[in-house]
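Per-entry structural report
As a plain string of letters, each chain reads:
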Amino acid sequence: MILSGTARLAGIAGWPVAHSRSPRLHGFWLQQYGINGAYVPLAIEPAHFPAAVVGLMRAGFAGINCTIPHKMAAFAVCDDVDESALRAGAVNTLVFADGRIRGSNTDGWGFLRNLRAHGVDPAKGPALLLGAGGSTRAIAAVLLDLGVRVTVANRTRGRAEALANELPGLGVIDWDRRDAALADHALLVNTTSLGMAGHESLEIDLDRGARGLTVADIVYVPLETSLLAEARLRQFQCVGGLGMLVYQAVPGFRAWFGVDPVVDEALSRFVMADLP
Ligand SMILES: NC(=O)c1ccc[n+]([C@@H]2O[C@H](COP(=O)([O-])OP(=O)(O)OC[C@H]3O[C@@H](n4cnc5c(N)ncnc54)[C@H](OP(=O)(O)O)[C@@H]3O)[C@@H](O)[C@H]2O)c1
């Protein structure tokens, strides 16, 4: 696309940002819909983040996504945040309008959409979440809001307890209890960085899983983590992390470029072609 002077602009702020697949993802949609616009990587040092966001708004950007380590700082820089951001305690999508910065968090929504796209009802039964990081909170919040019983197990128990203080109703068990707890859950979600390329694998005894268990991994590099491979061997339904990445991008694209983009096989194949 050759840009004109009225091109719409958006991007992703991270530090570093080179690993991000978002420019590729949004670039696919921009091309597909023939939109006069661009979505660019924005490598912004944490100390410069607040000034950079205001500068981007003043320069006419329609908004940005924020990734590690900026999601909390993005929350702080907003004039308005919606319920999704309040529940997640972090912002991944900023929309600039009328000189104001509006923040939301689409990670939890993207997770739910991905489950549903795989034919999984997120409210099918109790959920066991491994981890207590930023993504755990976003996912726990949307599941709790659906009325699901949610339990977290994290290596550092204090971090899980801090999360439970923020999200009333969230249960906490010791990390060492994760195998035994499987029998009582319909959905297992890995929200740790275990299984990611360059990290250790997640150790969990899936033989303890209940019949009909769904195993979701939000790690998407590699696409098929050892957790998913082990779950597939046992014929549990599996949901990989790529779909969450793709769906979380939809609300931002719609707000910045005015088109509700379709998530389909062609898009997933295009994003996957860049993954190991
Ligand atoms: N698919 C998507 O769209 C999507 C979106 C967001 C994130 N992700 C992926 O999700 C993962 C987590 O992201 P995040 O932002 O939530 O990370 P984070 O806030 O840094 O949290 C990392 C979590 O992993 C746990 N962990 C790390 N090393 C561990 C180990 N050796 N043993 C046990 N637990 C360990 C940490 O436990 P402690 O508290 O004990 O340190 C913590 O709970 C990353 O791989 C990220 O790429 C995917």
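Description of the structure in this document. (Residues numbered from 1 in each chain as written. Predicted model: local features only at pLDDT ≥ 70, side-chain atom pairs only at ≥ 80, totals over all residues. Heavy atoms only, no water.)

With that settled, consider the site of the ligand. Around the ligand, the surrounding shell holds 21 residues, and the nearest of these are S135, N154, T156, R159 and I218. Interatomic distance of 3.0 Å between a backbone N/O atom of A132 and an oxygen atom of the ligand. One of the backbone nitrogen or oxygen atoms of I218 is found 2.8 Å away from a nitrogen atom of the ligand. Secondary-structure elements contributing two or more residues to the shell around the ligand are α6 (134–145) and α10 (242–248). (Near = heavy atom within 4 Å. Polar contact = N/O pair within 3.5 Å; in protein donor to acceptor, adjacent residues only side chain to side chain. Helix = DSSP H or I, 4+ residues; strand = E, 2+ residues; numbered from the N terminus.)

Attention shifts here to the sheet that holds strand β9 (residues 171–174). One open sheet accounts for six strands, arranged β9-β8-β7-β10-β11-β12; its pairing is parallel. Since the sheet does not close on itself, it has two edges, and those belong to β9 and β12 (237–239), each with one partner. Each neighbouring strand pair of the sheet contributes to a mean axis angle of 20°, computed without reference to strand direction. Bridging between strand β8 (residues 150–154) and β9 involves four bridges; their strand directions are parallel. Counterpart to V152 in the pairing with β9 is V172. Those strands touched by helix α9 (residues 226–233) are β10 (187–190), β11 (214–217) and β12, and its axis lies near 165° from that of β11. (Pairing = 2+ DSSP bridges. Axes fitted to C-alpha atoms, helices over the stretch in contact; angles between N-to-C directions. Contact = heavy atoms within 4.5 Å.)

Quick look at the nonpolar core now. Counting residues in each nonpolar core, the largest one holds 27 residues, and the members touching the most others are F111, L129, L143, V150 and L170. Every element with two or more residues in this core is listed here: α5 (107–117), β7 (127–130), α6, β8, α7 (157–166) and β10. In terms of residues, this core owes the most to one element, α6, which gives six residues. Aside from chain neighbours lying at most four places away, what touches L129 is T136, I139, A140, L143, V150, T151, V152, A153 and V189. A10, I12, V221 and F257 belong to the second largest nonpolar core, which has 22 residues in total. (Core = buried A, V, L, I, M, F, W, Y, C linked by side-chain atoms within 4.5 Å. Buried < 20%, exposed > 50% of the residue type's maximum accessible area, 1.4 Å probe, protein only.)

As a further point, take helix α12 (residues 265–272). Where α12 is concerned, the buried positions are L267, S268 and V271. The buried residues of α12 occupy an angular sector of 95° when the element is viewed end-on, so they sit on one face. On its buried side, α12 packs onto α1 (22–32) and α10. (Arc of directions from axis to C-beta.)

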